[in-house]
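The lines below spell out each chain.
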Amino acid sequence: MSFLKKLLIGKVSENFKPKYNPVQRRMLNIRAIWNNDHQDDNGIEKIFRLFLSISQLLFPGIYVKTIAAKIGYAYKDLAMDIYILLKVAFPLVILINGWLNYPILIWILVYLILETILYIPTLIFASDLFARPRSYKRSMLLLFFNYLEVIIAFGVFYSLGQNTNIPFAHWSDALYFSLMTSNTIGYGDYYPITTFGKFLASVQAMFFLSFVILFLNFFSTKVKSKGYFDIDNEDL
C-alpha cells in the first residue's frame, strides 16, 4: 500500500490545504477577468475570455478536482489523471464495441469532448489567477492524452453513417482517418464525402492547428506573463 501511495501521490504534502477549492478559484478567476485585474482587455477579447472561464463550470472536470481536494490535496492531481484516462477510454470503448447506435452515449461523448476543446484555450487565454503547474512535464503528458481523446472521439463521429468515400471495415480505420485528418496529412485513401464529414474534418483540423500547436508552444517554452501562472503556490 505504501508503495502505491509513493508511486501515485509522490512527495505532495497531505496536510497542505489551499485557501480556495478549484470551483472557488474559478469564480475568483472570472471576477479577475471582469474587473480587468491582470489585463486591460475589452470588447470581443474580454467576452471570449469570460466565456472560456465560465465554460469550465459547465463540465465535470472542475468538480472532480474539488471533490478529490476534500479527500486530500494530494489526491487532486491523481483524480484528474484517472478522469482524463477514463475520457480517453470512453470513445475507444464505443468504437471497439460498435455502440454507435446508442444516442445517449454519443451525446455524452459530445459533452465530454467539448470540455477538452474548451479547456485548452482556457488555460492559455483565461487563467489570470491560476498558479503554475506543479510539473510542466505532467501538463505535457496530459496534453498528449487530450490529443488521443480528441482523435478517438472524432473517430466515433466519423463512423456515424457513411461519411467517407470508403466504408470503415474496422474500428481502427476510423482512428487512422481521424489521426491523418488531425495532422492534415490526407493520403487520399479516405476522404469525407458528406456535409457532416466535411464539417468534422474542418473543425478537427482547425482545432489542432489553432490550439494544440499554440498550447504545445506555450508549455514547451514556459511562457509567463503577468497574471498567467504567475503564483508560486496555490495558497492565495
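Residues numbered from 1 in each chain as written. Predicted model: local features only at pLDDT ≥ 70, side-chain atom pairs only at ≥ 80, totals over all residues. Heavy atoms only, no water.

As recorded in an unreviewed UniProt entry, the protein chain goes by Potassium channel family protein and comes from Flavobacterium cheonhonense. What the UniProt record of the protein chain gives under Subcellular location (unreviewed entry) is the line "Membrane". (UniProt positions renumbered as here; feature names shortened; annotations may be inferred.)

Draft legend 1. Spatial organisation of the nonpolar core. Counting 27 residues, the largest nonpolar core has Phe157 and Phe207 as its most contacted members. Counting residues per element, this core draws most heavily on helix H7 (residues 136–158), at 9 residues. Discounting chain neighbours no more than four positions away, the residues touching Phe157 are Ile106, Leu109, Val110, Ile113, Asn163, Phe196 and Leu200. In terms of nonpolar packing, the next biggest core, distinct from the first, is built from 9 residues, Ile33, Leu50, Leu52 and Ile62 among them. (Core = buried A, V, L, I, M, F, W, Y, C linked by side-chain atoms within 4.5 Å. Buried < 20%, exposed > 50% of the residue type's maximum accessible area, 1.4 Å probe, protein only. Helix = DSSP H or I, 4+ residues; strand = E, 2+ residues; numbered from the N terminus. Contact = heavy atoms within 4.5 Å.)

Draft legend 2. Spotlight on unusual backbone geometry. Positive phi, close to 55°, is recorded for Asn36, a residue that is not glycine. Relative to the assigned elements, Asn36 resides in the loop between helix H2 (22–34) and helix H3 (43–55). Residue Asn36 is classed as partly exposed on the basis of its relative accessible area, which comes to 23%.

Draft legend 3. Local environment of the UniProt feature "transmembrane region" (unreviewed entry) in the protein chain. Look at the UniProt record and you will see "transmembrane region" (unreviewed entry) annotated at residues 47–68, 80–100, 106–129, 141–161 and 199–219. Structurally, residues 47–68 comprises 77% helix and 0% strand, and the distance from its first C-alpha atom to its last is 31 Å. Taken as a whole, residues 141–161 contains 86% helix and 0% strand, while its terminal C-alpha atoms sit 33 Å from one another.

Draft legend 4. Broad picture of the packing of H2 against H3. Where H2 meets H3, the axes come as close as 10 Å, and the angle between the chain directions of the two elements is 175°. By the angle between their directions, the pair H2 and H3 is classed as roughly antiparallel. Two secondary-structure elements touch here, H2 through Arg26, Asn29, Ile30, Ile33 and Trp34 and H3 through Lys46, Arg49, Leu50, Ser53 and Ile54. Residues of the contact of H2 with H3, tallied by class, amount to 5 nonpolar, 2 polar and 3 charged. (Axes fitted to C-alpha atoms, helices over the stretch in contact; angles between N-to-C directions. Parallel < 35°, antiparallel > 145°, perpendicular 65-115°, else oblique. Nonpolar A, V, L, I, M, F, W, Y, C, P; charged D, E, K, R; others polar.)

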